[in-house]
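Examination of the molecular architecture
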Amino acid sequence: MSNSDSHVDSDSEEFDCDSRRIPLEHLPMFQRLASVNGKINRMKKRQLLDTMRNKMLNTDGELDVLKKRLKNHYRMQALIKAKICESEATYFPYFVVIDIEATCTENNPADYKFEIIEFPAVLVDAKKRKIIDHFQAFVKPSINPKLSEFCIKLTGITQDQIDNADSFEVCLTRFTKWLEEHELGIKHKFSIVTDGPLIWLRFLYGQCLMSEIPYPKFATKWINIRKVFKAFYFTKQVKYSVPCNLNAMLTFLDMEFEGNPHSGLDDSFNISRICIRLLEDGAFIDQNERIISLKTPTPYGKDDPLPVRPVHNIFCDGMHSYNHRWFVTQLKSLDLNDGI
C-alpha cells in the first residue's frame, strides 16, 4: 500500500465532513466513511500504529480492536462535524447502569412470580469517564414477603432489609426523583445501561403489572452492554460462540469483580467499569434494544408476549443495515426459569 493510502485524515478533501454539505439522511457522509474504513482495513500494523499515535489514540489491543478504534475516531469526527453528536464518546453524556435483583428459590417453578427486592443504579459521566453517583433502594415484596434461604445467600440481602423497605411504587418514585436531582431527562440526555434485556422483561415489566402502575418511559429503550462489548472486541469468527456474561467480560479485560456477585449495586458498579473501559478503548456506546409493544399481557407474557427488538443504530459496530427486517424476540421464547 502506498504512503498516501496509509494516511487517513479527517481534514483531507476526501474526508470533508462539513455539515453544510451533508443532506438530512447523511448518506454521503457515510459513503465517505466507508471509503476511510476500507483504507484502514488495508493498513499494515505499523502503519496503523503510526496513524493512531499521530491521533493520540490508545494503541493497546489486538489488530482488529485497533482498527475498530481508529474507525470510531474518524466516524466520531464526522458525526460531531455533522452535529449529530456532541461527544466523542457517545450520543448520551450520561449513563445510568441498572442491575435489578428479585426474589427467587433454588428451583423456581414455571409460574413463579419474580418480585423486585433491590433497585440499584450507578451514574456514569461519559465525557469524564467516571462514576459520579449511585442510587440503591430495597423493595418489600408482597406475594413472597419471606425470602428463601437460597435468595438470601445468593444476593446477600437480609430479611430485615426487606421487612424495613418501601413498596416498589415508593422506590420507583424515589428513583425518578434521583434522576430529576441530576437533571437527567430534563437538562441532560441519558440512557439506561443493562447487562442484557431480561431485567426489564422478567422483572420490571412484571413488577409494574403486579403493582398496577404504568411502565416507566425511561425503560423503553436501553443499551445492552453485552452487544456493544461483543461488537467491539470480538472478531466475526468468535462473536457468536464466546460466552459474554459479566464475569466473562471482566476476565476478557483482565479485570476482577469488585464486591459481592449478585448484589445489584455491586453488579451495577462492575458493569459501569466495563462501560468506562469501552469508552477508554474507543467504542461508541449507543442504545441497541427497545420495547416495541406495551400491550397488557398475562403474567410474564406467556400468552400475550412483550416483544423486544434491537434499535437500528447507524453509529454502532455490529448493527445491520437500515432496511434489514429485525427479528422480534418475544417473552414466550425466553426461558423464564433459568435463574437470576
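Notes on the structure follow. (Residues numbered from 1 in each chain as written. Predicted model: local features only at pLDDT ≥ 70, side-chain atom pairs only at ≥ 80, totals over all residues. Heavy atoms only, no water.)

For the rest of this paragraph, the subject is the packing of aromatic side chains. Two numbers describe a pair of aromatic rings. These are the distance of the centres and the angle of the planes. This structure, assessed with the given rule, holds 12 aromatic pairs. Here F232 and Y233 contribute two aromatic rings whose centre-to-centre distance is 5.0 Å and whose plane-to-plane angle is 80 degrees, an arrangement assigned as edge-to-face. Take F232 and Y233: they sit in the same class, and that class is buried. An aromatic cluster is defined as three or more aromatic residues linked by ring pairs; in this entry it consists of F119, F135, F175, W178 and F218. (Phe/Tyr/Trp six-rings, centres within 6.5 Å; stacked < 30°, edge-to-face > 60°. Buried < 20%, exposed > 50% of the residue type's maximum accessible area, 1.4 Å probe, protein only.)

Attention now moves to the pattern of salt bridges. A complete count under the given rule lists 7 salt bridges for this structure. Notably, a salt bridge pairs K227 with E289, separated by 2.9 Å at the nearest N-O pair. Residue K227 is located in helix α9 (residues 225-233), and its partner E289 is located in strand β7 (residues 289-291); the two are separated by 62 residues in the primary sequence. The class for K227 is partly exposed, based on a relative accessible area of 32%. Linking D281 and R277 is a salt bridge whose minimum nitrogen-to-oxygen distance equals 3.2 Å. For D281, a relative accessible area of 6% gives the class buried. Relative accessible area serves as the criterion here: at 27%, R277 is assigned to the partly exposed category. Put simply, R69, R277 and D281 are held in one network by salt bridges that share partners. (Salt bridge = Lys/Arg side-chain N within 4 Å of Asp/Glu carboxyl O. Helix = DSSP H or I, 4+ residues; strand = E, 2+ residues; numbered from the N terminus.)

Let us look at the pairing of strand β1 (residues 94-97). Of the two faces of β1, the one holding Y94 and V96 and the one holding F95 and V97 are both buried throughout. Here 4 bridges tie β1 to strand β3 (residues 116-125), and the two strands are oriented antiparallel to one another. In the strand pairing of β3, V96 is matched with L123. Both β1 and strand β5 (residues 190-194) contribute to a ladder of 4 bridges, which runs parallel. Within β5, the position partnered with F95 by the bridge is S191. (Pairing = 2+ DSSP bridges.)

This brings us to the side chain of T194. Take T194: it is sitting in strand β5. Within the structure, the side chain of T194 is placed 2.5 Å from the backbone oxygen of G196, a separation counted as a polar contact. If sequence neighbours within four positions are ignored, T194 has contacts with I98, I199, W200, W222, I223, N224 and I225. (Polar contact = N/O pair within 3.5 Å; in protein donor to acceptor, adjacent residues only side chain to side chain. Contact = heavy atoms within 4.5 Å.)

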